[in-house]
Amino acid sequence: MRAPPTRPPSAPRATSLGRAAGITAALIAGLWVQEGADQLVFQGQLDQFGIEPRSPGTFWHVLTAPFLHVDFGHLIANTVPLAVLTFMSALRGVARFLAALLLIVLIGGGLVWLLGRGSSVHLGASELVFGLLAYLLGVGWWERTPLAVGVAVAAFLLYGGILWGVLPANPAVSWEAHLFGFVGGLIAAAILHRKRPPARPTSSFPR
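Conventions adopted
- Residues numbered from 1 in each chain as written.
- Predicted model: local features only at pLDDT ≥ 70, side-chain atom pairs only at ≥ 80, totals over all residues.
- Heavy atoms only, no water.
- Helix = DSSP H or I, 4+ residues; strand = E, 2+ residues; numbered from the N terminus.
- Buried < 20%, exposed > 50% of the residue type's maximum accessible area, 1.4 Å probe, protein only.
- Axes fitted to C-alpha atoms, helices over the stretch in contact; angles between N-to-C directions.
- Parallel < 35°, antiparallel > 145°, perpendicular 65-115°, else oblique.
- Left-handed = near helix turned anticlockwise from the far one by under 90°.
- Contact = heavy atoms within 4.5 Å.
- Nonpolar A, V, L, I, M, F, W, Y, C, P; charged D, E, K, R; others polar.
- pLDDT = per-residue confidence, 0-100.
- Polar contact = N/O pair within 3.5 Å; in protein donor to acceptor, adjacent residues only side chain to side chain.
- Phe/Tyr/Trp six-rings, centres within 6.5 Å; stacked < 30°, edge-to-face > 60°.
- Lys NZ or Arg CZ within 6 Å of the ring centre and 35° of its normal.

Caption draft 1: Representation of unusual backbone geometry in the model. Residue Gln 43 is not a glycine yet carries a positive backbone phi of 55°. Structurally, Gln 43 can be placed in the loop between α1 (10–40) and α2 (72–90). Since its relative accessible area comes to 59%, Gln 43 is described here as exposed. Backbone geometry at Ser 119 places phi at a positive 55°, although glycine is not the residue there. Note that Ser 119 resides in the loop between α3 (94–115) and α4 (126–143). Residue Ser 119 is classed as exposed on the basis of its relative accessible area, which comes to 89%.

Below, the structure written as structure tokens:
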């Protein structure tokens, strides 16, 4: 009876890299295809599915707003940071990354809908950019392993400067999406990576 062939140690790492690259490419390609269709076919009408704070019947727009952009310039500004942070986040596992992304979309978008400026439409992947940056920083804090801390430091060195975007400096920019996306990322990291204390053994003898 032959033993099953052993997989080289580098195979799991190569698989993780491939999956992270695949989900990153799919997300970025989807955003570009969507914006191309919006500009060339729908004449920008898809932007109406951005978040309109406290507008009755539009809460579900929290699911669409982070994937919409005003124009190609808006999308270009978000593409590189989103791609880099998506890849870094997805290296931990695609399923966990998708769970984190969903939490960022729901929590960040929900808070924008609840607390954002009225008479405005909030959209753009910057919510995801700030959310994923916060997620990586949060993973480093909660796990505190050399790898997690190293990734958090790398993410901060690359994009920590954007944190000024959570301040209400430019009325044309949704600082609310930046701030609440960041909050959503921190919560996602706490939910998905916080270590629970081990359960105490129960005694079999009555007290």
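Caption draft 2: Fine view of the packing of α4 against helix α5 (residues 146–159). One can describe the packing of α4 onto α5 by two numbers: an axis separation of 8 Å at closest approach and a directional angle of 150°. One finds that α4 runs roughly antiparallel with respect to α5. As α4 runs across α5, the sense of the crossing is left-handed. Where α4 abuts α5, its residues Leu 133, Leu 136, Leu 137, Val 139, Gly 140 and Glu 143 lie against Ala 148, Val 149, Val 151, Ala 152, Ala 155, Phe 156 and Tyr 159. Each residue belonging to the contact of α4 with α5 can be placed in one class, and the counts come to 11 nonpolar, 1 polar and 1 charged.

Caption draft 3: Geometry of the confidence of the model for the chain. Averaged over all residues, the pLDDT of the chain is 90; the fraction at 70 or higher stands at 88%. In this model, residues 203–207 is a region of pLDDT below 50 whose contacts with residues beyond four sequence positions or in other chains number 0 contacts.

Caption draft 4: Representation of the packing of α2 against α5 within the structure. Following both chains from N to C, one finds α2 and α5 inclined at 175°, their axes separated by 11 Å at the closest point. Considered as vectors, α2 and α5 are oriented roughly antiparallel to each other. Contact with α2, carried on its side by Val 80, Pro 81, Val 84, Leu 85 and Met 88, involves Val 151, Ala 154, Ala 155, Leu 158 and Tyr 159 of α5 and no other residues of that element. For the contact of α2 with α5, the class distribution of residues is 10 nonpolar, no polar and no charged.

Caption draft 5: Inspection of the side chain of His 193 at higher detail. Relative to the helices and strands, His 193 is located in helix α6 (residues 175–193). Reaching out from His 193, the side chain makes a polar contact with the side chain of Arg 96 at a distance of 3.3 Å. Polar side-chain contacts of His 193 include one of 2.6 Å to the side chain of Tyr 135. The contact partners of His 193, leaving out residues within four places of it in the chain, are Arg 96, Tyr 135, Val 139, Trp 142 and Glu 143.

Caption draft 6: Representation of the packing of aromatic side chains in the model. Inspection of every chain in the model, using the stated rule, returns 3 aromatic pairs. Here Trp 32 and Phe 72 contribute two aromatic rings whose centre-to-centre distance is 5.7 Å and whose plane-to-plane angle is 20°, an arrangement assigned as stacked. Within this pair, whereas Trp 32 is found in helix α1, its partner Phe 72 is found in helix α2, the two being separated by 40 residues in sequence. With 5.3 Å between their ring centres and 90° between their planes, Phe 59 and Trp 113 make a pair best called edge-to-face. Taken together, the positions of Phe 59 in the loop between α1 and α2 and Trp 113 in helix α3 put the pair 54 residues apart, joining distant regions of the chain. On the accessibility criterion, Phe 59 (42% relative accessible area) is partly exposed. By relative accessible area, Trp 113 is classed as buried at 18%. Looking at Arg 144, its charged tip hangs above the ring of Trp 141, at a distance of 4.0 Å from the centre. Note that Arg 194 overlies the ring of Trp 142, its terminal NZ or CZ placed 5.7 Å from the centroid.

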